[in-house]
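Descriptive structure summary
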Amino acid sequence: TMAERIGVTTINNATGNLKFPRVSNKAVGAEETEVAADNPSTLALDELTLSPIRVAANTKYSKQLILQGGAQVDAMIARELSAGINETIDKAVFAKAATIAAGVDKDGSVAYSDLTTMQKNVLAAGGDLSACAFVGSPSAMSILKGEAAVDSIRAVTEGNSIDGYTTYFTPNLIDPTANNGALLFGDFGLGMVLAFFGGIDLLVDPYSNAGTAQIALHVNKFYDTDVRQAGALAYLYDFTA
């Protein structure tokens, strides 16, 4: 999944519901005199729970196709079904991030200052900028590739980066409205967690559709995702050229 590639904390082969401590209010220290009483840190904790969600797909193909194409046909179809499942998971990850992260409805053209504000907000919340990345929707790619920063001295988007940060463009981060861009930025390892409960479950069924000389292929995957630290993520949306 792209969620794994951008650094979302991933737990593989989980076997039951998972509970993670989550900082809802970070700790703050205070200077005191040598014998003065200390003050409460303001640290507050809650928790998030991940429970298995099933993503499933199936398809049928003819036995004649296997005879003509061999085992590689099985592998090709399995890859396509797996890609569809990963797409569903990525959409869920990015939708969760966009819902919970601090968001700004730009409602107009994007400026370079909007991108640096996203960086500032993540840094102020304790995110590690060296571990950050941008994720953009299809319209965001179209818009940003035409934008310029610092009075057109250099392009905002250079290759696969925005302002020096690795950038991923994906249809799985949904444009909020037609032709309006959406952009996530953050330390995704700190901000989100993704759990897979076991590996991918693949079943080849040559029997149920034998009467039509077809083979059924069923794929299942169990996962869950949530935001650990909303402050590590920033969301900019509804921006245009």
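Residues numbered from 1 in each chain as written. Predicted model: local features only at pLDDT ≥ 70, side-chain atom pairs only at ≥ 80, totals over all residues. Heavy atoms only, no water.

Moving on: the environment of Leu-18. Along the polypeptide, Leu-18 turns up in strand E2 (residues 18-25). The sequence separation of Leu-18 and Thr-49 amounts to 31 residues, and the corresponding C-alpha distance is 5.5 Å. Those residues in contact with Leu-18 that sit more than four places away from it in its chain are Ile-11, Leu-48, Thr-49, Leu-50 and Ala-195. (Helix = DSSP H or I, 4+ residues; strand = E, 2+ residues; numbered from the N terminus. Contact = heavy atoms within 4.5 Å.)

Per the counting criterion, the structure on display carries 3 salt bridges. In this structure, Lys-19 engages Glu-47 in a salt bridge whose closest nitrogen and oxygen atoms are separated by 3.6 Å. Here Glu-47 lies in strand E3 (residues 44-50) and Lys-19 lies in strand E2, a separation of 28 residues in the sequence. Given a relative accessible area of 44%, Glu-47 falls into the partly exposed group. In this structure, Glu-87 and Lys-91 form a salt bridge, with 3.4 Å as the shortest nitrogen-oxygen distance. (Salt bridge = Lys/Arg side-chain N within 4 Å of Asp/Glu carboxyl O. Buried < 20%, exposed > 50% of the residue type's maximum accessible area, 1.4 Å probe, protein only.)

Spatially, 6 strands are ordered E5-E15-E11-E6-E10-E9 in an open sheet, and the strand pairing comes out mixed. Strands at the two margins of the open sheet, each flanked by one partner only, are strand E5 (102-109) and strand E9 (161-162). Pairing analysis gives 2 bridges linking E9 to strand E10 (residues 165-169), with the strands arranged antiparallel. Paired with Ile-162 across the bridge in E10 is Tyr-165. Each of E5, strand E6 (133-136), strand E11 (181-186) and strand E15 (233-240) touches helix H3 (residues 71-100); the most contacted strand, E11, lies at about 85 degrees to it. (Pairing = 2+ DSSP bridges. Axes fitted to C-alpha atoms, helices over the stretch in contact; angles between N-to-C directions.)

Along the chain, the position of Pro-52 falls in the loop between E3 and strand E4 (53-62). Owing to a relative accessible area of 42%, Pro-52 belongs among the partly exposed residues under this scheme. Separated by 178 residues in the primary sequence, Pro-52 and Ala-230 place their C-alpha atoms 22 Å from one another. Residues in contact with Pro-52, not counting those within four places in the same chain, are Asn-17, Phe-197, Phe-222 and Tyr-223.

Burial analysis of strand E14 (residues 214-227) places 11 of its 14 residues in the buried class, the great majority of the element. Sheet analysis places E4 next to E14, joined by 10 bridges and oriented antiparallel. Along E14, the bridge assignment pairs Ala-57 with Val-219. Alignment of strand E13 (residues 201-205) against E14, held across 5 bridges, turns out to be antiparallel. Considered in E14, the bridge of Val-204 is made with Leu-217.

Bringing the packing of aromatic side chains into the picture now. Under the definition given, this model contains 4 aromatic pairs. Taken together, a centroid distance of 4.9 Å and an interplanar angle of 20 degrees make the contact between Tyr-235 and Tyr-237 stacked. Residue classification places Tyr-235 among the buried positions, given a relative accessible area of 10%. The class for Tyr-237 is partly exposed, based on a relative accessible area of 23%. Connected via pairs of aromatic rings, a cluster forms that spans Phe-134, Tyr-165 and Phe-185. Directly above the aromatic system of Phe-196 lies the positively charged group of Lys-221, at a separation of 4.5 Å from the ring centroid. (Phe/Tyr/Trp six-rings, centres within 6.5 Å; stacked < 30°, edge-to-face > 60°. Lys NZ or Arg CZ within 6 Å of the ring centre and 35° of its normal.)

Here the focus is helix H4 (residues 112-124). Taking 1.5 Å per residue as the helical rise, H4 with its 13 residues ought to reach 18 Å, and the 19 Å between its terminal C-alpha atoms agrees with that figure. On its buried face, H4 sits against E5, E6, E9, E10, E11 and E15. Backbone geometry just after H4 places Gly-126 at a positive phi near 100 degrees. (Expected span 1.5 Å × (residues − 1).)

The next point concerns the nonpolar core. Within the largest apolar cluster, 32 residues are counted, with the highest numbers of intra-cluster contacts made by Val-8, Ile-89, Val-93, Phe-94, Leu-184 and Leu-194. Of all the secondary-structure elements, those providing two or more residues to this core are helix H1 (2-5), E4, H3, E11, strand E12 (192-196), E14 and E15. Per element, the largest residue contribution to this core is 10 residues, and it comes from H3. When neighbours within four sequence positions are excluded, Val-8 is seen to be in contact with Ala-3, Val-93, Phe-188, Gly-189, Met-192, Val-193 and Leu-194. Core analysis: the second largest hydrophobic core is formed by 17 residues, Leu-144, Val-156, Ile-162 and Leu-183 among them. (Core = buried A, V, L, I, M, F, W, Y, C linked by side-chain atoms within 4.5 Å.)

We now examine a nonpolar patch on the surface. Together, Val-23, Leu-43 and Leu-45 make up a nonpolar patch on the protein surface, roughly 260 Å² of accessible area in all. Position of Leu-43 among the secondary structure elements: in the loop between E2 and E3. (Patch = residues over 30% accessible without salt bridge, like charges linked within 9 Å, V, L, I, M, F, W, Y side chains within 5 Å. Areas by Shrake-Rupley, 256 points an atom, 1.4 Å probe, with all protein chains shown as cover.)

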